[in-house]
Each structure stands twice: as structure tokens, then as C-alpha cells.
Amino acid sequence: MPQTLYEKLWQDHVVHQEADGTALIYIDRHLVHEVTSPQAFEGLKLAGRKPWRISSIVATADHNTPTDHWDRGIEDPVSRLQVETLDANIRAFGALAYFPFKDPRQGIVHVVGPESGATLPGMTVVCGDSHTSTHGAFACMAHGIGTSEVEHVLATQCLLQKKSKTMLLQVDGVLGRGVTAKDVALAIIGRIGTAGGTGYAIEFGGSAVRSLSMEGRMTLCNMAIEAGARLGLIAVDEVTIDYLRGRPFAPQGARWEQAVVHWRRLRSDDGARFDRVIEMPAAAIGPQVTWGTSPEMVVPVDARVPDPASEPDPVKREGMERALRYMGLSPDLPICDIALDKVFIGSCTNSRIEDLRAAAAVVRGRTVASNIRLALVVPGSGLVKRQAEEEGLDEIFRAAGFEWREPGCSMCLAMNADRLEAGERCASTSNRNFEGRQGAGGRTHLVSPEMAAAAAIAGHFCDIREWL
Amino acid sequence: MEKFIRLDGLVVPLDRANVDTDAIIPKQFLKSIRRSGFGPNLFDEWRYLDVGEPGRDDSLRPLNPDFVLNQPRYRGAQILLARQNFGCGSSREHAPWALLDFGLRTVIAESFADIFFNNCFKNGILPVVLPAAEIDALFALVEATPGCHLVVDLEQQVVLRPDGRSLPFAVDPFRRECLLNGWDDIGLTLRHAELIKAFEARRREQQPWLFA
Ligand code: SF4
């Protein structure tokens, strides 16, 4: 019987199955960061247990680390303790690789995994972080877990799971100029809602998805969680294989050849049945901007802020009104008339080299508008930063008035010093616009790197298609 | 993990859809390396009029009198009534830890986000899914009835209303078993240690590159 990619991956990892379908799933790669692991290591210690297989662990510190003045260390004592706790735990228990604070390869866990080749097709990848869905771009069964499950994976190398339903999101056609993977992701969430993918594993397919680079595919799978799906998936093709060749933890020589043969099978069979299929014509997707406090509150840049009065569902209408109050916006305002205070280019959604190149291309030779108090570029990892500097991108950003920072999660969730003040409005390339996400009272609009760059220059949102 | 069998508790209604984990417990409190102590910061941004920071004495902070958890009639609530997609957003288990630390042992909602739903079971919290019409009716009931209690019975898989009506709910048999007995998942899984070892050995042979 023809199988979907998800079904193949599932079948390949079942160790044992209970009568009600709950399965014990083997975990190949365990990514670890400082925020969701301390209580798990603590639990392990208290129970007198050891990690089952330390060669599955790749760890880094990213959420709490500062993005400037690295010479001063981590000044916030609470953040410092959390990062030091990770250091101590990895020292005590071991790992395949650890990229601590200030290591040249340190960075956001979802950027570091793929770029080091620690994420390989066909793996199960877990991390105590919901954006683990990112790794599904490599045909991995990859999803976020809670801290109890982090401990469970450490102790047993397995997770208890129920099989998800399958959804195919078919994006066919050619994406317009200025339309990126981020816009596809936001448009999908706008269409199916933040709970639209709940209970599903979403496979992204179609010619527009195939035409994306690995980095674009990671952006798309990264946002699968914002559509409610724990995992996103994209089949292996030549783009996947080319990306992995030569990466430090990717197999070499004869093993590489053997692995590639295996990887090429990681696609849904022709005629495989999905529980739900949704088609999104690529040509209909324009650059997107969120206007509210949930990623599903999104419209094309040439639209206006929607009017709650036209929403028939009372719970939804209430939510829209609340969001508009929080965001300080009124219905029918053209998106391009929204002025900004800050701009953030970074996060595991959009901080890879291609994102920075795209933003730099918009910024080159221009100057950040005078109403922008802070325009921040935070590369996803130390390696991305170095690459960008070799290409001179840092100079382009600095010359325009952007700040060029050290890698980390930064203002995506503002656990470090980078944050919005109450009432400040930000164009952000991150993935969540929840109330307070980038700082208490801060107002976040999610956009692509190109759109964020253009907004920094103009001081307000503008349609990137008019700039190209 | 504490068992969950049957709970007769006061209900607090949180009438919002898509309550995300950033709202349940804001990120500054995620810096803690402990599992407990999150209760005072549950729904921090909605509960207080100022901005919370870890290490502060929350009892000295100005409360937002409009927020439902601060209203005297809901003091001591053990059951949270919510709308659709409760717990969306991040995987932070600090969210169920905060609910638990505050004293909430069950959340009744129209739907939940996956990871949050899963995290609840690991911490002795029972998430109950009921149809939208029943949720609407419960909101109306709780609003209209000061001191409204519900009984959540996991053994019978029903929510009992004060008027005697019982609302059945579904739950995975395996998760139900674990919650009823307070079982530790890790202990359960390690009973299969030999199976895991055999699986791993086979995998190492077939796909050696995964074990570099
Ligand atoms: S960049 Fe943002 S979304 Fe990504 S792992 Fe860091 S905090 Fe989470």
C-alpha cells in the first residue's frame, strides 16, 4: 500500500506498541538548550539514572545569552545560573557536541543542528522547544517536547507517542517576486488558523515548495507549529542531499553513498492517502504582515487592518477587538500606514545566511528611517555570523544604521536584554506575535526579512514588490 | 506524579480563545531551574498591573481587579474553564507547572494545543475536551452561579454538573491508566529496556550513520 512520508518515518521508529495505539518511538537526535533541560537533568540525577545514549545529544545555549558585550559575560544572574547549569550538566553527563556560550559555533539550536549536519533525513529529532518542527525540512520526524519528555528521552532514548493524522499542504505554481517561504507560512496559518493543524503531521508539497532552498524549507517547517501541527515535513530531493554533503556530522565516503540511497526513499509514495489535503496556489500569495496577537491574524501587505464588526463568530470578534486594543490599531487602517519603532531580523525562523543576504540586498546603500529607535540584526549562529561578515553583510547593515549582534534567540522572546518596551511597535522576522512575546506591552508584526528590512528603511510597512 | 481520580472543585472561567503559553507563564520566569514556585506568576501579565520579574515578592504587587483569577468568588479554584486552542505556543512545561502550583488540577476546554495537552498528563493535570455547546453552557452556568463546583471524574470519564447532568469525555486509555495510578512514564518505559536495546542494535546496523 502506498505510504505517506510520515507513515514511513513512524513505522521506522516504533519500538513497541500498546493496545490503544500508544507507541514507544525511538529517538535518534536529542537537541538540548538551557531553558527546558535543567529540571530534566535534575530528575535524572534524583532517580539515579544516566542518559541512555549521549551520542544522540547536541546542546547549545541560546535563549538567555546576550547578543552584545560578550566580554562582560552574562550579566543577569538568573540567566547566568541557567546557562551555567547547562554547562555543568553537559560536563557531568556528556554529549556528542556542545556549543556553549561564546563558542564560535554557538547559536539558536534549530540553526545549529542543521548547519552542523547533526540533523539528518529519516531521523526522529526532539528538543524541549516547539520550533523543533524546523528539522522536518530534512524529512525528519521532528517535534517539540516538554521537560518531562526531555527527561524521558534522556533516560530511555524513547518517547511515548500516538500517531498523528496526516495533512498535505500542496503549494503549486511560482511564488511572486518578493514573496518568501515566510509569506507562504503566514498565508497558510491565515487560511487554516493556529489550530488548523492540531493533531496532524503536515507535509508541505507542490512545485513551489520544491523550488525553495533548504533554508526556505526550514522557515516553512519552523512555522508548522504556529499552525498547530507538532511537525512539518518535506520530502528529500537533490536540494536536501546537496545541502548536507560535507557537513561535519554528515556521513562521509562509502557511508554517505549508503545513506543517500536510503534518504531518496524518504518521500510520500504516489497515490498515498492523506487525511486532509489543502491546496494553496503559490501565485495567490503576497507578502504578509500580521496585525494582531496571534499568527493567524495576518493579511497581505496591500490590505487593511480588518474590522471586527464584520466577524460573525462572537468569540472570534472578541479576540479581534482585544487584539486591536493591545496592538493600538484601528480597523481599516492600510497596513502600509503602520509606523514602527523597532525592527528585528533574527530568530530560528529567519536568521540564516540567505535571510541576511536578502535583507542586506534591500538595505544596501540606504539608511534606517529616523523614527526607528533600534534596528537589530541577530544572526542565527556563530557560523552564520562569520559567513555574513566574510560577505560584508555586516558592513551593509551597519552603514545603514542597523546594529549587528552576536548570535542567539534575542528579541524573538526577549529572555535576554533585547526587548520591546511597553507600547513599542516592531517589525519582526520571528514567529510569534503573542501579547508580551517580545517584551511586556510590546507590539509585534511578523514579516519576512525583506519586508522587515524595507520597513526599517521606510519607517513604516511597505510593499516590498514595489522596491524590486 | 500525583494521582488524578476524581476532583470536586470550584471552577474559574477564562473566557478567551487561543490562550498561549506566553500568557500562562511569561518568559522571564522560565529562567528558573526549578519545577515549582511558578504559581504566583501564572497569567502574570493579566493578573498584575505592573511587570513581573523573577525574585520579586509578588504579594506586594498591584493586582488587576478585572482579571478573573483575582476575583474573590473564584479564590481557591481547582478547575479552569477555557475556550478553544488552550495552551498554544511554546513547549514550556512551566505552563502546567504554574497551573499546578496555583492549585489548578484540571482544565476544561473546547480544544487544546498538542504539546501543552501532552505536558498536562505528565504532571497530574487532567485536560478535558468538551463540545463547544457544552462549554458555552458551562460558561453561562459558572457566571450565573456563585461558588459553582463541578465534579471531574476520570474513572467514569464524566464531568458532573450541579444540576446532575453528566457530560462524558474521551481520554486515551493509556494516559488514563497512568493518571489514575500516578505512574511515572520513565519507569514504565524502562520495563521495555530489552526491546529498546534490540531495536537500537538493529538500527545501528542498518543505518550506521545515525550513530556517528
Ligand atoms: S529563536 Fe525564538 S522561537 Fe526560535 S528557539 Fe529561540 S526563542 Fe524559540
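Each chain has its residues counted from 1, following the order in which its sequence is written. The naming scheme follows written order: chains are lettered A onward, ligands numbered 1 onward. Whole-chain, interface and lining totals are the exception, using all residues; otherwise, since this is a predicted model, local features are given only for residues with pLDDT of at least 70 and side-chain atom pairs are given and counted only at 80 or more. Computation of side-chain values covers all heavy atoms of the structure but excludes hydrogens and water.

Q: Describe the overall build of chain A, naming the residues involved and giving the relevant values.
A: In this text, helices come from DSSP runs of H or I with a minimum length of four residues, and strands from runs of E with a minimum of two, each type numbered from the N-terminal end. Regarding its fold elements, chain A presents 15 helices and 19 strands. Using C-alpha atoms as the atom set, the radius of gyration is obtained and then compared with a globule rule of 2.2 Å times the number of residues to the power 0.38. Computed over its C-alpha atoms, the radius of gyration of chain A comes to 21 Å, within 12% of the 23 Å expected for a compact globule of 468 residues. If one aligns the C-alpha atoms of chain A with their principal axes, the spans along those axes are about 55 × 55 × 45 Å. Under the scheme applied here, a residue whose accessible area is under 20% of the maximum for its type counts as buried, over 50% as exposed, and between as partly exposed, the area being computed with a 1.4 Å probe on protein chains only. Across the 468 residues of chain A, 67% fall into the buried class. Long-range contacts, defined as pairs at least 24 residues apart, comprise 76% of the intrachain contacts of chain A with a sequence gap of at least 6. Here the Shrake-Rupley method, with its probe set to 1.4 Å, supplies the accessible areas, and only the displayed protein chains count as covering residues. When the accessible surface of chain A is summed, it comes to about 15,200 Å², and 50% of that surface belongs to carbon and sulfur atoms. Here, residues are in contact when the closest pair of their heavy atoms is within 4.5 Å.

Q: Quick rundown of the packing of aromatic side chains? Include the residues and the values.
A: Working definition: an aromatic ring pair is given by the centre-to-centre distance plus the angle between the planes. Here is the rule: rings of Phe, Tyr and Trp (six-membered ring for Trp) pair when centre to centre is within 6.5 Å. Planes less than 30 degrees apart are stacked, more than 60 are edge-to-face, and the remainder are tilted. One pass over the structure, following the stated rule, counts 17 aromatic pairs over all chains. Taken together, a centroid distance of 5.3 Å and an interplanar angle of 40 degrees make the contact between A:Y26 and B:F199 tilted. Taken as a pair, A:Y26 in strand β2 (residues 23–26) and B:F199 in helix α8 (residues 193–206) lie in two separate chains rather than in one. Accessibility assignment for this pair places A:Y26 and B:F199 in one class, buried. Seen from their ring centres, A:W70 and A:F101 are 5.1 Å apart, and the 70 degrees between their planes marks the pair as edge-to-face. Note that A:W70 is positioned in the loop between β4 (57–60) and α3 (77–93) and A:F101 in the loop between β5 (97–99) and α4 (109–115), a separation of 31 residues in sequence. Judged by relative accessible area, which is 14%, A:W70 ranks as buried. What makes A:F101 buried here is its relative accessible area of 16%. Put simply, the rings of B:F86, B:F112, B:F116, B:F117 and B:F121 pair up and form one aromatic cluster. Consider the ring centre and the ring normal. A charge sits over the ring if Lys NZ or Arg CZ is within 6 Å of that centre and within 35 degrees of that normal. If you follow B:R16 out to its NZ or CZ, it ends over the ring of B:W46, 3.8 Å from the centre.

Q: Describe in detail the side chain of B:R61, supporting the description with residues and values.
A: Tracing the backbone shows B:R61 in the loop between α2 (44–47) and β2 (79–81). Not counting residues within four places of it along the chain, the set of residues in contact with B:R61 comprises B:N41, B:D44, B:Y48, B:D50, B:V51, B:G52 and B:R56.

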